[in-house]
There are 2 protein chains.
Amino acid sequence: MLGRLYESEICSAARTLEVAGERWSLLIVRNAVFAGMTRFTDFQRSLGIAPNVLTKRLNEFVAEGVFELRVDPASGKDEYVITQKGLDLKPVIVALTEWGDKWVADSRGKPISYVHDGCTGTVSLVPTCTKCGSHPTNRQLRARLARWFQDLRNGGAATKA
Amino acid sequence: MLGRLYESEICSAARTLEVAGERWSLLIVRNAVFAGMTRFTDFQRSLGIAPNVLTKRLNEFVAEGVFELRVDPASGKDEYVITQKGLDLKPVIVALTEWGDKWVADSRGKPISYVHDGCTGTVSLVPTCTKCGSHPTNRQLRARLARWFQDLRNGGAATKA
């Protein structure tokens, strides 16, 4: 019980999914960060998403600081502008894309590559060890719980360290 | 209309979300790949997820080849064993964790680090340019559509190249 409570409250991946894990959320972010979309109608048209669902998602994102709601001075229309917090979801989208390219790809090849602006080289996410500098495979990657988190899971008492 | 159809069908990130984007899906994978869980009751207890939802998710994962259903010869119990396809979702979970650590972290610090098995150094996903070798920031990362995908979006005709 305690384990479950803490696990779902504390794990950063779970927390991220709380913010961006609802249906459509990451596709809205994708269209903002990689296609530069800011308008409700553009998100709506490109995703074919029900307007009430889109309204809900965008409002949640504004509340979370993933998007900022501004009024375009020229047109007087609302704009949903991605924030740094939203831009930082790019690696999540790249990781999803890399898995999709490998495992559920279109027979015509990768539809989208991520490129280094300016240099135009393709960019991939490389797991890199900060100690030995090597690039561990997925099998060589394991999770280590912080001491305070271990203590919480074991006994419910906060660590003193 | 065509744009939307192709966009949702073709984009690899969207395809990945079709497989692993439902509520609980990535947390089930997380518990399999990083905590080594294989048993229905362990997933159920650790996540506090409704049994009927867990059954649905696991069945979908088995159908997609993310998990393999086996019977443990010793106990005679069902085991949901992660496949290579499932293991390859590790970077998605790491990317979600890194965003969560930065933007919605627990005040006590990172609960979980990812480490290089053996070496024990912490591992992070480093965006790396395959051309110049540098590490683009999120702002320097942009999407490039493959020619065939561009053609599809522009006219609906398949590219000849």
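Residues numbered from 1 in each chain as written. Chains lettered and ligands numbered in written order. Predicted model: local features only at pLDDT ≥ 70, side-chain atom pairs only at ≥ 80, totals over all residues. Heavy atoms only, no water.

Draft legend 1. Fine view of the interface of chain B and chain A. Facing 84 residues of chain B, the contacting portion of chain A comprises 84 residues. Of all residues in chain B, W99, R142 and R144 of chain B bury the most surface against chain A, accounting for 9% of the area lost on that side. The interface formed by chain B and chain A contains 10 salt bridges. Residues R15 of chain B and D106 of chain A are paired through a salt bridge, measuring 3.2 Å at the closest nitrogen-oxygen approach. Scanning the region where chain B abuts chain A turns up 49 residue pairs in polar contact (both at pLDDT 80 or more). Ranked by residues supplied to the side of chain B that touches chain A, first place goes to helix α7 (residues 90-103) of chain B with 13 residues. Among the residues making up the side of chain B that touches chain A, the classes are represented as 42 nonpolar, 21 polar and 21 charged. As judged from the five bridges shared by strand β5 (residues 141-145) of chain A and strand β3 (residues 112-116) of chain B, these two strands associate in the antiparallel manner. Paired with L141 of chain A across the bridge in β3 of chain B is H116 of chain B. (Contact = heavy atoms within 4.5 Å. Buried area = accessible area lost by both parts, 1.4 Å probe. Salt bridge = Lys/Arg side-chain N within 4 Å of Asp/Glu carboxyl O. Polar contact = N/O pair within 3.5 Å; in protein donor to acceptor, adjacent residues only side chain to side chain. Helix = DSSP H or I, 4+ residues; strand = E, 2+ residues; numbered from the N terminus. Nonpolar A, V, L, I, M, F, W, Y, C, P; charged D, E, K, R; others polar. Pairing = 2+ DSSP bridges.)

Draft legend 2. Representation of the relation of the copies chain B and chain A in the model. Expressed as a screw transformation, the operator carrying chain B onto chain A has a rotation angle of 180° and an axial translation of 0.0 Å, and the superposed copies differ by an RMSD of 0.0 Å. Here the transformation between the copies is reduced to the relation of a two-fold axis. A shared interface surface links the copies, since 100% of the contact residues of chain B are contact residues in chain A too. (Least-squares fit on C-alpha atoms with pLDDT ≥ 70 in both.)

Draft legend 3. The arrangement of the pattern of salt bridges in detail. Across all of its chains, the model carries 26 salt bridges over all chains by this definition. Residues joined in a network through salt bridges with shared partners are E18, E22, K56, R57 and E60 of chain A together with R23 of chain B.

Draft legend 4. A look at the packing of aromatic side chains. All names here are of chain A. Applying the stated criterion across every chain yields a total of eight aromatic pairs over all chains. Centre to centre, the rings of F61 and F67 are 5.5 Å apart; their planes meet at 45°, and the pair counts as tilted. Residues F61 and F67 agree in their burial class; the two are buried. Among the aromatic residues, those joined into a ring-pair cluster are F43, F61 and F67. In this structure, R23 packs its charged tip against the face of W24, placed 5.7 Å from the ring centre. (Phe/Tyr/Trp six-rings, centres within 6.5 Å; stacked < 30°, edge-to-face > 60°. Buried < 20%, exposed > 50% of the residue type's maximum accessible area, 1.4 Å probe, protein only. Lys NZ or Arg CZ within 6 Å of the ring centre and 35° of its normal.)

Draft legend 5. Quick peek at the pairing of strand β1 (residues 67-71) of chain A. Residue and element names in this part refer to chain A. For β1 and strand β2 (residues 78-82), the ladder comprises five bridges, and the chain directions are antiparallel. Paired with L69 across the strands is Y80, a residue of β2. Hairpin connection, β1 to β2: the antiparallel pair is bridged by six residues, and G76 has positive phi, about 75°.

Draft legend 6. Representation of the packing of helix α3 (residues 25-33) of chain B against helix α4 (residues 40-47) of chain B in the model. Residue and element names in this part refer to chain B. Interaxial distance between α3 and α4 falls to 11 Å at its minimum, and their mutual angle equals 120°. Crossing of α3 over α4 shows right-handed handedness. The residues of α4 that touch α3, namely those facing L27, I28, R30, N31 and A32, are F43, S46 and L47. For the contact of α3 with α4, a count of residues per class yields five nonpolar, two polar and one charged. (Axes fitted to C-alpha atoms, helices over the stretch in contact; angles between N-to-C directions. Left-handed = near helix turned anticlockwise from the far one by under 90°.)

Draft legend 7. Here's a closer look at the side chain of N138 of chain B. Looking at where N138 of chain B falls in the secondary structure, it is placed in the loop between β4 (123-129) and β5 (141-145). Assessed through its relative accessible area of 15%, N138 of chain B is described here as buried. Beyond its immediate sequence surroundings of up to four residues, N138 of chain B is in contact with L87, D88, K90 and P91 of chain A.

Draft legend 8. Quick peek at unusual backbone geometry. The phi torsion at T120 of chain A lies on the positive side, around 70°, for a residue other than glycine. You can see T120 of chain A is positioned in the loop between β3 (112-116) and β4 (123-129).

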